[in-house]
Amino acid sequence: MKKIFSALLIGFLSCVSFGQIKNITLVSDYSFAQNKRLQITKADAVGALVSIKVNVIDNFNFTLSSGYKLYSLNEPDVLTTWDWDFWTNRYYPKILSDLRSDPNLSVEIGAVQKMDLIPVILLINYDFQITDDLSITPSVGGGVYFYTRRMFATETWSKRFPQADYTLTYSYRNFAPDKKGNPFFSKVGLDVTYNLLSYLDITASSYYTKVFETEGSMGFDMFPFSSELSFNLGLSFKY
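Criteria and cut-off values
- Residues numbered from 1 in each chain as written.
- Predicted model: local features only at pLDDT ≥ 70, side-chain atom pairs only at ≥ 80, totals over all residues.
- Heavy atoms only, no water.
- Phe/Tyr/Trp six-rings, centres within 6.5 Å; stacked < 30°, edge-to-face > 60°.
- Buried < 20%, exposed > 50% of the residue type's maximum accessible area, 1.4 Å probe, protein only.
- Lys NZ or Arg CZ within 6 Å of the ring centre and 35° of its normal.
- 1 Å grid on protein atoms, 1.4 Å probe; cavity = no way out; pocket = protein on both sides within 12 Å on 5 of 7 lines; lining within 4 Å.
- Points joined across faces, edges and corners; volume = space filled by probe spheres on them.
- Nonpolar A, V, L, I, M, F, W, Y, C, P; charged D, E, K, R; others polar.
- Core = buried A, V, L, I, M, F, W, Y, C linked by side-chain atoms within 4.5 Å.
- Helix = DSSP H or I, 4+ residues; strand = E, 2+ residues; numbered from the N terminus.
- Contact = heavy atoms within 4.5 Å.
- Expected span 1.5 Å × (residues − 1).
- Bend = angle between axes of the 7 residues up to and from the residue.
- Polar contact = N/O pair within 3.5 Å; in protein donor to acceptor, adjacent residues only side chain to side chain.

(A) Structural view of the packing of aromatic side chains. Here the structure, examined in full by the defined rule, presents 16 aromatic pairs. Measuring from centroid to centroid gives 6.2 Å for Tyr-30 and Phe-32, while their planes differ by 40°, and the two rings are tilted. When its relative accessible area of 37% is taken as the criterion, Tyr-30 is described as partly exposed. In textbook terms, an aromatic cluster arises when at least three aromatic residues are bridged by ring pairs, as seen for Tyr-71, Tyr-145, Tyr-147, Phe-185, Phe-223 and Phe-225. The lysine or arginine in question, Arg-37, covers the ring of Phe-220, its NZ or CZ lying 4.0 Å from the ring centre. The positively charged end of Lys-159 is found above the aromatic ring belonging to Phe-161, 5.8 Å away from the centroid.

Have a look at this one:
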């Protein structure tokens, strides 16, 4: 997969060097995981992408895209499954000890998990001109995800002082070590483009992404899903 992606990327850069840029597109992105992994119960994201389309021959093109997505992840038992030695072996036992030793002390513990996702995508596509102003473009290709999963525990402590009839409450966050990786994926989708002006199009698209299962490498073991569905809407500036 690495060799194929590298070869396509070299081909794309060769096309760019000949000055065959067709358009540059900026889109907003909404994505959600279809097949979730580990103990993830929900995973969705918002973000933005920029792409450069380069004409190869006739209506065949290469498109290189990248951007940023922020995933929100739900995992009910994440404080256990994160494999956070500090929390599991040292800190949480201390919490239990403090609660047992002081009946006026109480705590509510939660967790928040996010994932920063930077995709690098290379597609080959073909433009079908339906009318003078409307075209559809099926695409196929792949790329690599650079991800960072972040998680922190939220602790809200309460200390009751019976003699003063007063309860002190305070909160803070306890941050876990990040999890990172760069799994490869394949991608297929369809763009619909409508001409607004001589230099500007509006575009809408949908893509299906399948992550390659590379157990033990590229951070796949900690990646939260194996497939993803994305929807994009944006503007395309023509050259």
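Text resumes after the structure shown.
(B) Representation of the layout of surface pockets in the model. Approximately 630 Å³ is the volume found for the largest pocket. The wall of the largest pocket is formed by 39 residues, among which Asn-23, Thr-25, Lys-53, Asp-191 and Thr-193 lie closest to the centre. A per-class count over the lining of the largest pocket returns 10 nonpolar, 18 polar and 11 charged.

(C) Broad picture of the nonpolar core. Within the largest apolar cluster, 18 residues are counted, with the highest numbers of intra-cluster contacts made by Tyr-71, Met-115, Leu-117, Val-211, Phe-223 and Phe-225. Elements that contribute at least two residues to this core include exactly strand 2 (42–57), strand 3 (60–74), strand 4 (105–126), strand 6 (134–161) and strand 10 (200–211). When residues of this core are assigned to their parent elements, the largest contribution, 4 residues, is made by strand 4. Sequence-distant contacts of Phe-223, defined by excluding residues within four places in its chain, comprise Arg-37, Leu-38, Met-115, Leu-117, Tyr-145, Tyr-147, Pro-183 and Val-211. Formed by 12 residues, the second largest nonpolar core is a distinct cluster that contains Trp-82, Leu-105, Ala-153 and Trp-157.

(D) Just the environment of Ala-43, in detail. Mapped onto the fold, Ala-43 is located in strand 2. For Ala-43, a relative accessible area of 4% gives the class buried. For the pair Ala-43 and Phe-185, spaced 142 residues apart in sequence, the C-alpha separation works out to 17 Å.

(E) Structural view of helix 3 (residues 85–101). Between its terminal C-alpha atoms helix 3 stretches 24 Å, which fits the 24 Å expected from 17 residues at 1.5 Å a residue. Of all the bends in helix 3, the greatest, near 40°, is centred on Tyr-91, and the proline Pro-93 appears no more than four residues after it. Within helix 3 the residues assigned to the buried category are Trp-87, Tyr-91 and Ile-95. Against the buried residues of helix 3 lie helix 2 (78–81), strand 4, strand 6 and strand 7 (166–175).

(F) Here's a closer look at the environment of Tyr-145. Along the chain, Tyr-145 falls in strand 6. By relative accessible area, which is 1% here, Tyr-145 ends up buried. Through-space distance from the C-alpha of Tyr-145 to that of Val-211 is 9.0 Å; in sequence the pair is 66 residues apart. In this structure, Tyr-145 is in contact with Lys-69, Leu-117, Ile-118, Pro-119, Gly-181, Asn-182, Pro-183, Phe-185, Thr-209, Val-211, Phe-223 and Glu-228, ignoring residues within four places of it in sequence. Side chain to side chain, Tyr-145 and Glu-228 meet in a polar contact 2.4 Å long.

(G) The side chain of Asp-201, seen in detail. For Asp-201, the location among the structural elements is in strand 10. Classification of Asp-201 as buried rests on a relative accessible area of 9%.

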